[in-house]
Amino acid sequence: MKRIAIFASGSGSNAENIALYFRNSDKARVEAFYCNNPKAFVIERAHRLGIPLMLFNREKFYSGDEVLNDLRSRGIDLIVLAGFLWLVPENLTRAFAGKIVNIHPALLPKFGGKGMYGMAVHKAVIEAGEAESGITIHLIDEVYDRGKILMQAKCPVLPGDTPDSLAERIHNLEYEHFPAAIERLIDE
Ligand code: GRF
């Protein structure tokens, strides 16, 4: 049984979707959520799902091994970043090399890197006049949005799209593809 940890900074709809997907699985289980934002709705989702959540600040995350030790104490095998907005520190990228997977709401390598998250991404895609956008699921290392791409799924950018309408189309791709991409990674 693989043990999954999910890191989120915001609403946590992907985190919840993944937790529910594996709820009755004999392959993997979501052991805990990790969050860097005391106002994040993912905290409420964890409570409702009965999933432990570790809240941390920059100090805890970037100095010392408190988060790493918590992951180890839970026997975590795979870290999933689902809307997690901070760069993952080296102690984690080293300890979990090849075992940290992220979802980015655009078709990397375009529209990636620092500051490219949430509505900013969709706004940039629309302003660039792109005909399509999508999601990228990739392994991460210590540089934002770099790392081996595991899969991409595309959707059209429609005339008259707003960042909100595009975000909704992208979210639907995320819910459809992220859990299965994680399962494939576990099966490898
Ligand atoms: C998603 O769009 C994801 O691609 C990006 O952050 C957003 C997270 O949304 N990394 P949620 O917190 O899972 O609802």
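Residues numbered from 1 in each chain as written. Predicted model: local features only at pLDDT ≥ 70, side-chain atom pairs only at ≥ 80, totals over all residues. Heavy atoms only, no water.

Peer 1: Hey, could you go over the pairing of strand β6 (residues 132–139) for me, with residue numbers and the actual values?
Peer 2: Among the eight residues in β6, seven count as buried, and that is most of the element. Two strands pair when backbone bridges link them, and strand β5 (residues 100–104) and β6 are joined in this way by four bridges, in the antiparallel orientation. Each residue of the ladder has a partner; that of H104, found in β6, is T136. In terms of strand pairing, β6 meets strand β7 (residues 149–156) through seven bridges, oriented antiparallel. Considered in β7, the bridge of G134 is made with K154. (Buried < 20%, exposed > 50% of the residue type's maximum accessible area, 1.4 Å probe, protein only. Helix = DSSP H or I, 4+ residues; strand = E, 2+ residues; numbered from the N terminus. Pairing = 2+ DSSP bridges.)

Peer 1: Account for the site of the ligand, with residues named and values stated.
Peer 2: In the vicinity of the ligand, the residues found are S11, G12, S13, N14, G83, I103, P105, H171 and E174. For the ligand, a nitrogen atom lies 3.2 Å from a polar atom in the backbone of I103. Surface burial for the ligand is 87%, taken as the share of its 360 Å² of free accessible area covered by protein chains. Comparing atom positions with the cavity grids shows the ligand to sit within the largest pocket. Only α1 (13–21) and α7 (163–187) provide two or more residues apiece to the shell around the ligand. Tallied by class, residues from the shell around the ligand come to two nonpolar, six polar and one charged. (Near = heavy atom within 4 Å. Polar contact = N/O pair within 3.5 Å; in protein donor to acceptor, adjacent residues only side chain to side chain. Areas by Shrake-Rupley, 256 points an atom, 1.4 Å probe, with all protein chains shown as cover. 1 Å grid on protein atoms, 1.4 Å probe; cavity = no way out; pocket = protein on both sides within 12 Å on 5 of 7 lines; lining within 4 Å. Sits in = over half its atoms within 2 Å of the grid points. Nonpolar A, V, L, I, M, F, W, Y, C, P; charged D, E, K, R; others polar.)

Peer 1: An account of helix α2 (residues 42–49) is needed here, citing residue identities and associated values.
Peer 2: Looking at α2, one finds that the buried residues are V42, R45, A46 and L49. Seen end-on, α2 carries its buried residues on one side only, within an arc spanning 100°. Away from its buried face by more than 90 degrees, α2 exposes H47 and R48. Among the structural elements, β1 (2–8), α1, β2 (28–35) and β3 (53–55) are those in contact with the buried residues of α2. (Arc of directions from axis to C-beta. Contact = heavy atoms within 4.5 Å.)

Peer 1: Requested: an account of the side chain of N102, with residues and values cited.
Peer 2: Following the sequence through the fold, N102 ends up in strand β5. Setting aside chain neighbours within four positions, we find N102 in contact with L81, T136, I137, H138, I140, D145 and F178.

Peer 1: Please provide a residue-by-residue account of the packing of aromatic side chains, values included.
Peer 2: Summed over the entire model, instances satisfying the criterion amount to 13 aromatic pairs. When the ring of Y62 is compared with that of W86, the centres are 5.9 Å apart and the planes differ by 35°; the resulting orientation is tilted. Remark: W86 occurs in the loop between β4 (78–81) and α5 (90–95) and Y62 occurs in helix α3 (residues 58–62); sequence separation between them is 24 residues. Here a set of aromatic residues connected by ring pairs shows up, and it is made of F7, Y34, F56, F61, Y62, F84 and W86. Over the face of the ring belonging to W86 we find R58, whose NZ or CZ atom lies 4.2 Å from the ring centre. (Phe/Tyr/Trp six-rings, centres within 6.5 Å; stacked < 30°, edge-to-face > 60°. Lys NZ or Arg CZ within 6 Å of the ring centre and 35° of its normal.)

Shape is all these values report; function is a separate question.
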